[in-house]
Amino acid sequence: MVARLAEFQETIFATMSAMAQHYDAINLGQGFPDQDGPAAMLHKAQAEIAAGNNQYAPGPGMQVLREAVAAHQRRYGLDVSPDEVLVTVGATEAISASVLGLVEPGQEVIVVEPFYDAYAAAIALAGAKRVAVPLKPSGKSWDLDVDAIEAAIGPNTAMLIINNPHNPTGAVFSEASMQRLASILQPHDVVVLSDEVYEHLLFDAQRHRPTCSYPGMAARTITVSSAAKTFNATGWKTGWAIAPVELLAKIRQAKQYLTYVGASCFQPAVAYALEEEMAWVEDLAQSLERKRTLLAEALESAGFQVHDCPGTYYLVADFSGLSDRSGREFCEQLVQEHGVAAIPIEVFCDHPEGWERKIRFALCKQEDVIREAAKRLALQS
Ligand code: PMP
Ligand code: GLN
């Protein structure tokens, strides 16, 4: 293994999915839905293949999708041109290309902990240095610790990566914290990579507010999202980065040598969905909200302490009352003995203190699957 990647084992998502399969368990580990996206979107992709859309798309992505992404941002009141949109192979490539294209080896990238694993790997691939700043508890959830972020910024900081709504905690950052973040960044030459893949998966009548909409943020923010979670299409790997053209040109420079372009047949299908299927997405969020409540109740009756889940696919539960094992060991036991897979949060942390007894359950499964998982978890207590 090259030294740059030495700290990275198989991703926890692959490990837990393989274990779930091996033990014939219900997989509430890796976050992928068990139902398809809007039928007309699926037909559109099939029709594109049949109609011959089977060769390379243009480097920046197909115009139809770049226009649809720009129009989608207008729903938030943002004035985005298709020239500020780069189509990528999932949000994952948008993240890697942003770090590779914008951060010099040796520079620092601040990540908010617990952090999605792809950030750490992208930073390592770029030869940059990861600086992890923990979230702070807020009620039964978490929020950005803006003071800690401010303290972590130094002359060598090139980028801050935030993810809102947040995987793996399900947290949604408060308006006050986001306002303060925008204000403390003013004097600094720091680019913000804002991963907003769960932008539409908010519960309890909340509305997403993009990071780039806060004062002074538009010029420094790269917004990343994808079709995966919005349209139940994780296998399509169709995402995008939105940024001012000078930043986007640098991201594109890296992206063109990672994959050149993504699959062409999906791009008009995702464009169609962004334009015509947002009502479907609202229904999706409502159904996830019901599943969130169902799973939270089941976990509580099984003896877990359940954190709030204002958005995303994920619910965090604390098992301190049930076991004093580590999160990884507890998840292994859960999958082997109870047939339910979950993800330990500690693996997303440089400072795991306080996270060792917290695990993440994915709630993006059909209700009867969640009920069956609830039955199996009931044996836990
Ligand atoms: N960022 C976060 C926070 C995620 O949870 C995921 C998984 N959907 C991704 C990025 C990757 O998205 P994609 O599958 O579009 O590459
Ligand atoms: N984003 C999903 C999750 O957090 C899947 C990630 C993956 O398999 N790389 O579970």
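Residues numbered from 1 in each chain as written. Chains lettered and ligands numbered in written order. Predicted model: local features only at pLDDT ≥ 70, side-chain atom pairs only at ≥ 80, totals over all residues. Heavy atoms only, no water.

## What about the overall build of the chain?
Then comes step 1: Looking only at helices and strands, the chain features 13 helices and 15 strands.
Then comes step 2: In terms of overall dimensions, the chain has a C-alpha envelope of 55 × 55 × 45 Å along the principal axes.
Then comes step 3: A burial count over the chain gives 57% of its 381 residues as buried.
Then comes step 4: Put simply, 75% of the contacts in the chain that link residues at least 6 apart link residues at least 24 apart.
Then comes step 5: Surface exposure of the chain reaches about 15500 Å², of which carbon and sulfur atoms provide 49%. (Helix = DSSP H or I, 4+ residues; strand = E, 2+ residues; numbered from the N terminus. Buried < 20%, exposed > 50% of the residue type's maximum accessible area, 1.4 Å probe, protein only. Contact = heavy atoms within 4.5 Å. Areas by Shrake-Rupley, 256 points an atom, 1.4 Å probe, with all protein chains shown as cover.)

## Notes on the site of ligand 2
Then comes step 1: Close contacts around ligand 2 come from Phe13, Gln30, Gly31, Tyr116, Asn167, Tyr198, Lys229, Tyr314 and Arg360, and that covers them all.
Then comes step 2: Interatomic distance of 3.0 Å between a side-chain N/O atom of Lys229 and a nitrogen atom of ligand 2.
Then comes step 3: Between ligand 2 and the protein, one listed contact pairs an oxygen atom with a side-chain N or O atom of Tyr314 at 3.2 Å.
Then comes step 4: Notes on ligand 2: free accessible area 300 Å², of which the protein chains cover 79%.
Then comes step 5: For the shell around ligand 2, the residue count by class is four nonpolar, three polar and two charged. (Near = heavy atom within 4 Å. Polar contact = N/O pair within 3.5 Å; in protein donor to acceptor, adjacent residues only side chain to side chain. Nonpolar A, V, L, I, M, F, W, Y, C, P; charged D, E, K, R; others polar.)

## A word on the sheet that holds strand β12 (residues 314–318)
Then comes step 1: The strand order across the open sheet built from four strands is β11-β12-β15-β14, with neighbouring strands paired in antiparallel fashion. Two strands close off the open sheet at either side, each with one partner strand: β11 (305–306) and β14 (343–344).
Then comes step 2: Where β14 lies against strand β15 (residues 358–362), two bridges are found, and the strand directions are antiparallel. Paired with Pro344 across the two strands is Ile359, which belongs to β15. (Pairing = 2+ DSSP bridges.)

## Notes on a nonpolar patch on the surface
Then comes step 1: Together, Leu100, Leu125 and Leu258 make up a nonpolar patch on the protein surface, roughly 220 Å² of accessible area in all.
Then comes step 2: Here Leu125 lies in helix α5 (residues 117–125).
Then comes step 3: Accessibility expressed as a relative area gives 39% for Leu125, which makes it partly exposed. (Patch = residues over 30% accessible without salt bridge, like charges linked within 9 Å, V, L, I, M, F, W, Y side chains within 5 Å. Salt bridge = Lys/Arg side-chain N within 4 Å of Asp/Glu carboxyl O.)

## Here's the deal with the site of ligand 1
Then comes step 1: The local shell around ligand 1 holds 14 residues, among which Thr92, Asp195, Tyr198, Lys229 and Lys237 are the closest.
Then comes step 2: One nitrogen or oxygen atom from the side chain of Lys229 is found 2.5 Å from a nitrogen atom belonging to ligand 1.
Then comes step 3: In the environment of ligand 1, an oxygen atom lies 2.7 Å from a nitrogen or oxygen atom belonging to the side chain of Lys237.
Then comes step 4: Calculation on ligand 1 without its partners gives an accessible area of 390 Å², and the protein chains cover 95% of this total.
Then comes step 5: Broken down by secondary-structure element, the contributors of at least two residues to the shell around ligand 1 are α4 (90–102) and α8 (227–230).
Then comes step 6: Residue contributions to the shell around ligand 1 peak at three residues, all from α4.
Then comes step 7: Its residues assigned to classes, the shell around ligand 1 shows six nonpolar, five polar and three charged.

## Examining the nonpolar core
Within soluble globular proteins, side chains that are nonpolar generally end up buried alongside one another.
Then comes step 1: Counting residues in each nonpolar core, the largest one holds 74 residues, and the members touching the most others are Met159, Ile161, Ile222, Leu299, Phe304, Ile359 and Phe361.
Then comes step 2: The element contributing the most residues to this core is α4, with six residues.
Then comes step 3: Leu299 has contacts with Phe304, Val306, Leu315, Ala317, Phe361 and Leu377, leaving out every residue within four places of it along the chain.
Then comes step 4: Formed by 27 residues, the second largest nonpolar core is a distinct cluster that contains Val133, Leu181, Met217 and Ile345. (Core = buried A, V, L, I, M, F, W, Y, C linked by side-chain atoms within 4.5 Å.)

## Section: the packing of aromatic side chains
Then comes step 1: For the structure on display, the rule yields twelve aromatic pairs.
Then comes step 2: With a centroid separation of 5.6 Å and an interplanar angle of 80°, the aromatic rings of Tyr198 and Tyr314 are classed as edge-to-face. Highlighted residues: Tyr198 in the loop between β8 (191–195) and β9 (221–226) and Tyr314 in strand β12, separated in sequence by 116 residues.
Then comes step 3: The ring of Tyr214 carries the charged tip of Arg209 above its face, separated from the ring centre by 3.7 Å.
Then comes step 4: A cation sits over an aromatic face here: Arg360 above Tyr314, 3.6 Å from the ring centre. (Phe/Tyr/Trp six-rings, centres within 6.5 Å; stacked < 30°, edge-to-face > 60°. Lys NZ or Arg CZ within 6 Å of the ring centre and 35° of its normal.)

## A closer look at the environment of Asp83
Then comes step 1: Take Asp83: it is sitting in the loop between α3 (63–74) and β2 (85–89).
Then comes step 2: Put simply, Asp83 and Met62 are 21 residues apart on the chain and 11 Å apart in space, counted from C-alpha to C-alpha.

## Things to note about the UniProt feature "domain: Aminotransferase class I/classII large" (unreviewed entry) in the chain
Then comes step 1: In the numbering used here, UniProt assigns the "domain: Aminotransferase class I/classII large" (unreviewed entry) feature to residues 24–377.
Then comes step 2: Segment residues 24–377 splits into 40% helix and 18% strand. End C-alpha atoms: 15 Å apart. (UniProt positions renumbered as here; feature names shortened; annotations may be inferred.)

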